[in-house]
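If you want the building blocks of each chain, they are given just below.
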Amino acid sequence: MPKISTKGQHMPESPIRKLVPYSEIAKKKGHKVYHLNIGQPDIKTPEVALNAVKNTNITVLEYSHSAGFESYRNKLSQYYQTHGLPINVADIIITTGGSEALLFAMGSTMDQDDEIIIPEPFYANYNGFSTASGVKVVPVISTIDEGFALPPIAAFEKLITPKTKAILICNPGNPTGYLYSKEEILQLAEIVKKHDLFLIADEVYREFIYDGEEHFSIMNVPGLEENAIMIDSVSKRYSMCGARIGCIVSKNKEVMATAMKFAQARLSPPTFAQIASEAALDTPQSYFDDVITEYKDRRDTLIAELQKIEGVKVTTPKGAFYCIAKLPVKNADDFAQWLLESYDLNGETVMVAPAAGFYSTPNVGLDEVRIAYVLKKEDLIRSVEILKDALKTYNK
């Protein structure tokens, strides 16, 4: 029998999606499942984006340019510049989601067995992208006790080897909701310049910032032009996860020329999704104002409710729409499966994402879960009520 590749065997399962079969079984039993496990916003996609697709008069569904529609890249450049980011059309390649942008970034900057340093916990698919690219993840651990702040620069320095090619951050962070300060970004900028590394920043949650804080992009650091690679996406910004449109952004011409080879190899990003994404740039600011207000209320509700549960530890995220909660259980994987397989409260249960999958260090985060506050407030309150009862039952 033909054998699966070693790379395929090493590809990690998604901690976010691997419990889906259990949730499907729970639903077939008639149970209502509150999905706290996945960052799928329930916010409506802007009508201007949907209408652009509905009203198109395309007669031949052609390939687009491998870098994406020129009209979209022009408009996206203007959008960035309006938001204070000095990004030109030549700095942008449109990708099939932020995921492809990350794969292009790794493929353009790293060879087999090279190393990338990532503060953990981190977006679980970074493990998958690295495995697919033949790259080794070198984690530097941030902790819930420190609010998931950037680890000391000395912790990065001691991990750098001749194989190190880049540092990757998510700002604000998935799964922690941590927002890197300007000072932290500047510290990272100094270390990548000192060691001639790339700094890759996944900034797809840039708009989701709370409490009067401000997002500081790596694209705003003077002198970092050759080192900085930004990853972006329409998925969360416009509640368009299914569009699968993102982009890779860099002023490093060699990086962009190389990324373009990967873009040509996959031919082009999807046409209808680009039409929707280009139109989405006309979304009024009032849309984002309302969305931020809604998410802040949800965050405050969730954190307040979680803090009422004995034995649960949680920090208040400053951005995105996730938090990591430390639970009074030994194994959150087992607990998450039990919630779906063996537990319900009056016919209802919750689905969470075990946080161990957001680490690459073995046996770290075993008692943590990621919770996405993408449900309306009354559903979040009910979800935490169920979680509280479940923990009592599970720990009997």
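Rules behind the numbers
- Residues numbered from 1 in each chain as written.
- Predicted model: local features only at pLDDT ≥ 70, side-chain atom pairs only at ≥ 80, totals over all residues.
- Heavy atoms only, no water.
- Helix = DSSP H or I, 4+ residues; strand = E, 2+ residues; numbered from the N terminus.
- Contact = heavy atoms within 4.5 Å.
- Expected span 1.5 Å × (residues − 1).
- Buried < 20%, exposed > 50% of the residue type's maximum accessible area, 1.4 Å probe, protein only.
- Pairing = 2+ DSSP bridges.
- Right-handed = clockwise from strand over helix to strand, strands pointing away.
- Axes fitted to C-alpha atoms, helices over the stretch in contact; angles between N-to-C directions.
- UniProt positions renumbered as here; feature names shortened; annotations may be inferred.
- Patch = residues over 30% accessible without salt bridge, like charges linked within 9 Å, V, L, I, M, F, W, Y side chains within 5 Å.
- Areas by Shrake-Rupley, 256 points an atom, 1.4 Å probe, with all protein chains shown as cover.
- Salt bridge = Lys/Arg side-chain N within 4 Å of Asp/Glu carboxyl O.
- Parallel < 35°, antiparallel > 145°, perpendicular 65-115°, else oblique.
- Nonpolar A, V, L, I, M, F, W, Y, C, P; charged D, E, K, R; others polar.

A. Local environment of the environment of Y238. With respect to the helices, strands and loops of the structure, Y238 is situated in the loop between β7 (228-233) and β8 (246-249). Y238 sits 45 residues away from T283 along the chain, and the two C-alpha atoms are 8.5 Å apart. Sequence-distant contacts of Y238, defined by excluding residues within four places in its chain, comprise T45, P46, Y79, A280, L281, T283, Y287 and F288.

B. How the structure looks around helix α5 (residues 97-109). The first and last C-alpha atoms of α5 sit 19 Å apart over 13 residues, in line with the 18 Å expected at 1.5 Å per residue. Along α5, the residues classified as buried are G97, G98, E100, A101, L102, F104, A105, M106, S108 and T109.

C. Molecular detail of the pairing of strand β4 (residues 136-141). Bridge count for strand β3 (residues 115-120) against β4 is six bridges, and the pairing is parallel. If you follow P119 over to β4, its bridge partner there is V140. Crossover connection from β3 via helix α6 (residues 125-133) to parallel β4: handedness right-handed.

D. Region of the structure containing the sheet that holds β3. Strand order across the open sheet formed by seven strands is β2-β8-β7-β6-β5-β3-β4, with mixed pairing between neighbours. Edge positions in the sheet fall to β2 (92-95) and β4, since each of these pairs with one other strand and no more. Averaged over all neighbouring strand pairs, the angle between strand axes comes to 25°, with direction disregarded. Of the pairings in the sheet, the one linking β2 to β8 comprises four bridges and is antiparallel in character. Bridge assignment links I92 to a residue of β8, and that residue is V249. Helix α4 (residues 70-82) rests against β2, β7 and β8 of the sheet, and its axis sits at about 115° to β2. Each of β5 (164-170) and β6 (198-202) is contacted by helix α8 (residues 182-195), which is oriented at about 170° to β5, the strand it contacts most.

E. Seen up close, the UniProt feature "domain: Aminotransferase class I/classII large" (unreviewed entry) in the chain. UniProt annotation of "domain: Aminotransferase class I/classII large" (unreviewed entry) refers to residues 33-344 when read in the numbering used here. The span residues 33-344 is 38% helical and 15% strand by assignment, and the distance between its end C-alpha atoms comes to 9 Å.

F. Looking closely at a nonpolar patch on the surface. A surface patch of nonpolar side chains, amounting to about 260 Å² of accessible area, comprises I58, L61 and F272. As for its position among the elements, L61 is in the loop between α3 (47-54) and α4. With a relative accessible area of 54%, L61 lands in the exposed category.

G. Geometry of the packing of helix α2 (residues 20-28) against helix α12 (residues 332-341). Running from N to C, α2 and α12 point in directions that differ by 25°, and their axes come no closer than 8 Å. Put simply, α2 runs roughly parallel to α12. Contact with α2, carried on its side by Y22, S23 and A26, involves Q337, L340 and E341 of α12 and no other residues of that element. In terms of residue class, the contact of α2 with α12 is made up of three nonpolar, two polar and one charged.

H. Quick peek at the sheet that holds strand β12 (residues 353-354). Strand order in the open sheet formed by four strands is β9-β10-β13-β12, and the pairing between neighbours is antiparallel. Each edge of the sheet is formed by a strand with only one pairing partner; in this case those strands are β9 (313-314) and β12. Contacts from helix α11 (residues 285-306) reach β9, β10 (322-326) and β13 (368-372), with the element oriented near 5° to β10.

I. View of the pattern of salt bridges. This structure, assessed with the given rule, holds 22 salt bridges. A salt bridge links D114 to K165; the shortest N-O distance between them is 2.8 Å. Here the residue D114 occupies a position in the loop between α5 and β3, and K165 occupies one in strand β5, the gap between them amounting to 51 residues. Through salt bridges that share partners, E203, R206, E207, D232 and R237 make up one connected network.

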